[in-house]
Amino acid sequence: MGVYRFEGGDTVKNLFVSGHRACAGCGMAIAVKLILEAAGEDVIVVSPTGCLEIVSSPYPETSWRVPWIHSLFENAASVASGIEAGLKALGRKHEAKVLAIAGDGATADIGMGPLSGMFERGHDITYICYDNEAYMNTGVQRSSMTPPGASATTSPAGKVSFGEIHPKKDLASIAVAHGVGYVATASVGYGLDLMRKVRRAIDHDGPSFIHLHTSCCTGWRHPSSKTIEISRLAVLTGLWPLYEVVDGEITDVKRLPKRLPVEDYLKTQGRFSHLFRMEGGEEIIRRIQAIADANAERFGLDLEG
Amino acid sequence: MEVVEGSYAVAHAVKCCRPHVISAYPITPQTHIVENLAQFVADGELECEFVPVDSEHSAMSVALGASAVGARAYSASTSQGLALMWEVLYNVSGMRLPVVMTAVNRALSAPLSIWNDQQDTVGARDSGWIQIYVEDIQEAHDALIQAYRIAESREVMLPAMICMDGFILTHTYEPVVLAEQEETDDFLPPYDPEYYLTVERPLSFGCFAEPDKFMEFRYMQHEAMERARFKIKEVADEFERAFGRYYGDLIQGYNLDGAQIVLVTFGSIIGTMKEIVKHEKDVGILKIRSYRPFPVKEVREALKDARVVAVVEKDFSAGFEGALFSDVKAALYNHVSDLKLLGFVLGLGGRDIPPEDISKIIERSRVVMDQGLKEEWEFIGLRGEIL
Ligand SMILES: Cc1ncc(C[n+]2csc(CCOP(=O)(O)OP(=O)(O)O)c2C)c(N)n1
Ligand code: SF4
Ligand SMILES: [Mg+2]
């Protein structure tokens, strides 16, 4: 088990160890390492089927140095509920916090019902959705979190299509609407911010939810060295606002001194490249810019103006 | 002895087993079981986490998570609910988690029917769960207590479902001897798993297996099922010593001595059959108590002197025949010659099974005994006028 230091000088244990099969530069793998650094050893982690589970657990190997379970694609929130209920009933609640780390498909699509149930029943669980904006494990098919204008294998760009057309689900608001006391968005591009939020989510009593943007170099089609840079661009263009919602109130918005145009983000990734080639692409880009502008308005992102 | 509803008796047995976590979703005719359990919790008679979930898929997933962390978990469902759990059933058995559930037997839609047949659990036959079918309410109650002993034993570590006919057993009242808490505690030790999720020893559960590893997992499940044969017998004997009641081990025979015709079946229909068979000298009944593991040797032994065997069941595989019929034939093939086998499908979707239907089956069997086999299997009780 690797032991090393990070900013601030604290010694932390690496609880998600190397040897996993994630693509080089995988945003999710970087994020999971940071999540566990923040969470520490006293957690039980649940992951549904998806890239994270597949890359980390080829029997008889495992990257997990905390107790970990994978069951199915849609039931991470329910399995986590069972673990939390079991710990309570066994008088072991103090032993560990329960943490679910699940993909966007597992969360926003097939696992939406179980997640809603987990929220509603008030389990003491931190649920982190790592959003790489498609079903990556099965080959980059669209999910309800694939952003408009992106080409995915089941919403491909083609002669008469610009790719995905539907807006992303607003997962954070869905969590807030359930009365979840701690909700945050985060990005792998801002590691310390992510770690701080994970800590706050875990320390929160009752359900908490983090919607975490993690770039996928394979599905988004960008060089593996650009993961952090591109993740930051999503934030800096206003497409991925960073904020916390505590007891229903938006707090701690990451404000932007000078918001960048969305093109700066879009042009870094193959999944948007058709927008710059196809006739009419500018119109789609204009609509994507409108999404960023609306975010800026809603969350007060712009420091100036 | 108290006169109680079948669902109450089951809930009472569950309570005596002291489950840590109960998770279920309501569906007729399973509802009274979970309502009774919820009431026990509300009245402080049962200390456990009762997790009222969003679906049966979640119910079994909660049970899975609870079991993985070392808790004793219980669920109950039927029909559409059991079908929605399908995926999780395989997952629970593959992870070798000894969850116990009551599977109430009800037909599967379409057409929608809330009434009894056994298509639902027969469909879950290959899910890696131990399946025990019960004959009456007392057995439903007793088998539940036995189920935890069997499932949680270190040699077995497999989930178990106790299958009971919907309405016929869940909604009727019978005199039942309800277990005492103390005698149940003496019989059923606390769940003590070798492996569970804990920060003391961080293990990974539910890894994926490449083709060079997968088959061995399945084979080990099979070996556990083989060991379960002995465990089911052992637990039935110990239960008899402790509680004074016995329902057979993997099977139970009635009137088998000298029987030329044997009716093979499972579930509550045995009650009706016994009434008829009382008046027939050469007709016996073979109750399949454990459908998985299947009592292969026991079936061969029990049927070796019969001349005609009639397999009677409330399920069938469209395009073939009843599932139990296929299984009984398969168990006998190569081992018992000179035996004629007949299959009868009846009672689907709650169709009443009057005693005359059983008499008709015995009549058909006699004709085969005298004149040889013509039709191998048939539906009994079809209404020609609506076909
Ligand atoms: C019930 C079910 N349907 C479909 C699948 C196939 N499947 C496995 S992972 C996956 C996509 C996972 O997507 P996501 O949750 O976004 O995680 P990612 O792989 O992108 O990290 C799909 C469709 C499955 N395993 N189970
Ligand atoms: S496909 Fe994407 S999410 Fe999956 S391991 Fe590779 S980079 Fe990570
Ligand atoms: Mg994804």
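All values reported here derive from a predicted model rather than from experimental measurement.

Moving on: the packing of aromatic side chains. All names here are of chain B. Scanning the entire structure with this criterion turns up 20 aromatic pairs over all chains. Measuring from ring centre to ring centre gives 4.5 Å for W115 and F167, while their planes differ by 40 degrees; the resulting arrangement is tilted. Placement of the pair is W115 in the loop between strand 5 (100–105) and helix 5 (119–123) and F167 in the loop between strand 7 (160–165) and strand 8 (173–176), with a sequence separation of 52 residues. The exposure class of F167 is buried, given its relative accessible area of 18%. Ring plane angle 50 degrees and centroid distance 5.6 Å describe the contact between W377 and F379, whose orientation is recorded as tilted. Residue F379 is classed as partly exposed on the basis of its relative accessible area of 28%. Taking NZ or CZ as reference, R72 lies 5.2 Å from the ring centre of Y148, over its face. Cation over ring: R149 sits above F187, and NZ or CZ is 4.6 Å from the ring centre.

All names here are of chain A. Topologically, F73 is positioned in the loop between strand 4 (68–70) and helix 3 (76–89). With a relative accessible area of 28%, F73 lands in the partly exposed category. Counting along the chain gives 189 residues from F73 to V262, while the straight-line C-alpha distance between them is 33 Å. What F73 contacts, discounting residues up to four positions off in sequence, is P48, T49, G105, A106 and I110.

Further remarks concern the UniProt feature "domain: Thiamine pyrophosphate enzyme TPP-binding" (unreviewed entry) in chain A. Here the UniProt-annotated "domain: Thiamine pyrophosphate enzyme TPP-binding" (unreviewed entry) positions come out as residues 49–211 of chain A. Each end of residues 49–211 of chain A is marked by a C-alpha atom, and these two atoms are 18 Å apart; helix forms 34% of the span and strand 19%.

With that settled, consider the site of ligand 2. The local shell around ligand 2 consists of A22, C23, C26, C51, N132, C216, C217 and T218 of chain A. Residues of the shell around ligand 2, tallied by class, amount to six nonpolar, two polar and no charged.

Another point: the layout of surface pockets. The computed volume of the largest pocket comes to approximately 1200 Å³. Lining the largest pocket are 37 residues, with G94, M95, R96, G206 and F217 of chain B sitting closest to its centre. Looking at the lining of the largest pocket, the elements that each hand over two or more residues are helix 2 (51–56) of chain A together with helix 4 (79–94), strand 9 (204–205) and helix 8 (211–243) of chain B. Of the residues forming the lining of the largest pocket, the biggest block, six residues, is contributed by helix 8 of chain B. Split into classes, the residues belonging to the lining of the largest pocket amount to 19 nonpolar, nine polar and nine charged. Approximately 510 Å³ is the volume found for the second largest pocket. Surrounding the second largest pocket, 26 residues form its lining, K168, L239, P241, I291 and N295 of chain A being those nearest its centre. Looking at the lining of the second largest pocket, the elements with two or more residues in it are helix 6 (171–177), strand 10 (208–213), helix 10 (263–266) and helix 12 (281–299) of chain A. Among the elements that make up the lining of the second largest pocket, the one with the highest residue count is helix 12 of chain A (six residues).

Residues and elements named next belong to chain B. Here six strands make up an open sheet; going across it, the order is 10-12-11-14-15-16 and the pairing mixed. In the strand order of this sheet, the two ends are held by strand 10 (251–254) and strand 16 (377–379), each with one partner. Taken pair by pair, the neighbouring strands of this sheet meet at an average axis angle of 20 degrees, ignoring direction. Both strand 11 (residues 261–265) and strand 12 (residues 283–288) contribute to a ladder of five bridges, which runs parallel.

Turning to the coordination of the magnesium ion (ligand 3), a few remarks are in order. Residue and element names in this part refer to chain A. Within the protein, the atoms that donate to the magnesium ion (ligand 3) are D104 (OD), N132 (OD1) and A134 (O), at distances of 2.0 to 2.1 Å. Read N to C, the donor residues that coordinate the magnesium ion (ligand 3) are spaced as D-x27-N-x1-A. Pair noted here: D104 is in helix 4 (residues 104–109) and A134 is in the loop between strand 6 (125–131) and strand 7 (157–158), with a separation of 30 residues, a long-range link. Each member of the pair, D104 as well as A134, carries the same accessibility label: buried.

The next point concerns empty space enclosed by the protein. All names here are of chain A. Under the counting rule described, the total for this entry stands at one cavity of 30 Å³ or more. There is about 40 Å³ of room inside the largest cavity. Around the largest cavity sit E133, A134, M136, V140, T146, A150, S151, A152, G219, W220 and R271, which together line it. Partitioned by chemical class, the residues of the lining of the largest cavity number six nonpolar, three polar and two charged.

Rules and cut-offs
- Residues numbered from 1 in each chain as written.
- Chains lettered and ligands numbered in written order.
- Predicted model: local features only at pLDDT ≥ 70, side-chain atom pairs only at ≥ 80, totals over all residues.
- Heavy atoms only, no water.
- Phe/Tyr/Trp six-rings, centres within 6.5 Å; stacked < 30°, edge-to-face > 60°.
- Helix = DSSP H or I, 4+ residues; strand = E, 2+ residues; numbered from the N terminus.
- Buried < 20%, exposed > 50% of the residue type's maximum accessible area, 1.4 Å probe, protein only.
- Lys NZ or Arg CZ within 6 Å of the ring centre and 35° of its normal.
- Contact = heavy atoms within 4.5 Å.
- UniProt positions renumbered as here; feature names shortened; annotations may be inferred.
- Near = heavy atom within 4 Å.
- Nonpolar A, V, L, I, M, F, W, Y, C, P; charged D, E, K, R; others polar.
- 1 Å grid on protein atoms, 1.4 Å probe; cavity = no way out; pocket = protein on both sides within 12 Å on 5 of 7 lines; lining within 4 Å.
- Points joined across faces, edges and corners; volume = space filled by probe spheres on them.
- Pairing = 2+ DSSP bridges.
- Axes fitted to C-alpha atoms, helices over the stretch in contact; angles between N-to-C directions.
- Donors = N, O, S within 2.8 Å, 3.2 Å for Na, K, Ca; no water.

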